[in-house]
Amino acid sequence: MAIYSVAAPEEGYAGGANNTESQGGVMKIGIVGLGLIGGSLAIDLRSQGHTILGMSRRAETCEQAIARQIVHEASPDPKLVASADLIFLCTPLAALQDSVQQLVPHLATTAILTDVGSVKQPIVQQLAPLWPNFVGGHPMAGTAESGLDAALSGLFVDRPYVLTPTESTPAHALATVAEVVRSLRCRLYQCAPAEHDRAVAWISHLPVMVSASLIAACLSEPEAAVLELAQHLASSGFRDTSRVGGGNPELGVMMARYNQAALLNTLHAYRNQLDGLIQQIEQANWAALDQALMRTQAERPKFVEPQ
Ligand code: NAP
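Calculation criteria
Residues numbered from 1 in each chain as written. Predicted model: local features only at pLDDT ≥ 70, side-chain atom pairs only at ≥ 80, totals over all residues. Heavy atoms only, no water. Helix = DSSP H or I, 4+ residues; strand = E, 2+ residues; numbered from the N terminus. Expected span 1.5 Å × (residues − 1). Bend = angle between axes of the 7 residues up to and from the residue. Buried < 20%, exposed > 50% of the residue type's maximum accessible area, 1.4 Å probe, protein only. Contact = heavy atoms within 4.5 Å. Axes fitted to C-alpha atoms, helices over the stretch in contact; angles between N-to-C directions. Parallel < 35°, antiparallel > 145°, perpendicular 65-115°, else oblique. Left-handed = near helix turned anticlockwise from the far one by under 90°. Nonpolar A, V, L, I, M, F, W, Y, C, P; charged D, E, K, R; others polar. Near = heavy atom within 4 Å. Polar contact = N/O pair within 3.5 Å; in protein donor to acceptor, adjacent residues only side chain to side chain. Areas by Shrake-Rupley, 256 points an atom, 1.4 Å probe, with all protein chains shown as cover. Pairing = 2+ DSSP bridges. Domains from an automatic or database assignment. Buried area = accessible area lost by both parts, 1.4 Å probe.

### Describing helix 7 (residues 193-218)
Okay, step 1: Compared with an ideal rise of 1.5 Å per residue, which puts 26 residues at 38 Å, helix 7 spans 36 Å between its outermost C-alpha atoms and is within 8% of the ideal.
Okay, step 2: For helix 7, the principal kink sits at alanine 201 and spans about 55°.
Okay, step 3: Residues of helix 7 that are buried: Pro193, His196, Asp197, Val200, Ala201, His205, Leu206, Val208 and Ser211.
Okay, step 4: Contacts from the buried residues of helix 7 go to helix 5 (121-127), strand 8 (137-139), strand 9 (160-163), helix 9 (236-242), helix 10 (249-258) and helix 11 (260-282).

### Focus on the packing of helix 7 against helix 11
Okay, step 1: Axis separation between helix 7 and helix 11 bottoms out at 9 Å; the angle between their running directions is 60°. On the basis of their axis angle, the class for helix 7 and helix 11 is oblique. Where helix 7 crosses over helix 11, the handedness of that crossing is right-handed. Contacts from Asp197, Arg198, Ala201, Trp202, His205, Leu206, Met209 and Val210 in helix 7 reach Ala262, Leu263, Asn265, Thr266, Leu267, Ala269 and Tyr270 in helix 11.
Okay, step 2: Here the contact of helix 7 with helix 11 is composed, by residue class, of 10 nonpolar, 3 polar and 2 charged.

### Re the site of the ligand
Okay, step 1: Close contacts around the ligand come from 23 residues, with Ser56, Thr61, Thr91, Ser118 and Gly147 the closest.
Okay, step 2: In this structure, an oxygen atom belonging to the ligand sits 2.8 Å away from a side-chain N or O atom of arginine 57.
Okay, step 3: Relative to its free-state accessible area of 890 Å², the ligand is covered by the protein chains to the extent of 86%.
Okay, step 4: Secondary-structure elements contributing two or more residues to the shell around the ligand are helix 1 (36-47) and strand 8.
Okay, step 5: Partitioned by chemical class, the residues of the shell around the ligand number 10 nonpolar, 11 polar and 2 charged.

### Description of the pairing of strand 10 (residues 187-190)
Okay, step 1: Burial along strand 10 is one-sided: Leu188 and Gln190 are buried, while Arg187 and Tyr189, pointing the other way, are not.
Okay, step 2: The pairing of strand 9 with strand 10 spans 4 bridges and is parallel. Residue leucine 163 lies in a different strand from strand 10, and its bridge partner there is glutamine 190.

### Comments concerning the domain arrangement of the chain
Okay, step 1: Looking at the chain, the domain boundaries give domain 1 (19-191) and domain 2 (196-304).
Okay, step 2: On a C-alpha basis, the centres of domain 1 and domain 2 stand 33 Å from each other.
Okay, step 3: Across the boundary between the two partners, domain 1 contributes 13 residues, which contact 8 residues of domain 2.
Okay, step 4: Roughly 900 Å² is buried in total at the junction of domain 1 and domain 2, and carbon and sulfur atoms are behind 71% of that figure.
Okay, step 5: If one sorts the elements of the side of domain 1 that touches domain 2 by residue count, helix 5 sits on top with 3 residues.

Structure representation (structure tokens):
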């Protein structure tokens, strides 16, 4: 399986908003969908000297993006952004195909498109046939907020950014996207779309479902006074473990809808783990439980502090 880290962040980086020049020269960059991810990309890429053209569904968002100097120009009309050399597609997953179909009649043949969708296999399958110079991508960064107001500088610094080329992805398009992405000072990775989806099912989509189940399970406490006490006593541990389950429901549904098979696979594996724990506790097999917890204690750093 070809999964590899493409670039290490250079030393001396001063943060997204302070970086003054891209390594590969100034480009006209289009951003479609001026929300959390699109707005944050626009802020950092503009700070490097690129010309940023925005497109968003609502005229009001376009006006705000210009007024706040997040983009140079913006319009709900696809013609403006279609004149860019490189276009980041940052609309919700369900709107990506429509966004590309609107752009295609206006694009120069040399234009490169890349998306930021959180699921890759179905999106790459939808978009690659619509435009040959297309590169799938996913910045693994975000906050609990959404919309243009949530956009911030330096969101991608030190975070993974995965590109998912296929055999038909033109090498020059991949190189251009990789260079611009690398300039955000993220950790750049490359892998096949299906492998991306299997990996993010484990570390992103499964945790949302597990965390949501945790909150729902607590709510099944039959005695109201005990539940209320639990709610008062909940502290940092519960805050950490419930965070992603208490996020935007729309995002959780999108993950399940677009990554159904991989997510189900991880959920079944998780249920097996729970069954094993239940058995150990029912049988008072404290040695086995101790071993299981020692293993997870030793393995966790590989996920949260990868080498
Ligand atoms: P978001 O904050 O809701 O931004 C999306 C923006 O797109 C909206 O603010 C909306 O702006 C605009 N929009 C919606 N439909 C559109 C359409 N048909 N045409 C043009 N613009 C449209 O969402 P986000 O969190 O940035 O997510 C965007 C993409 O990034 C998704 O594909 C998601 O999978 C991916 N992603 C998200 C995260 C995360 O943690 N949030 C992380 C990595 C990748 P107006 O309606 O105001 O114009």
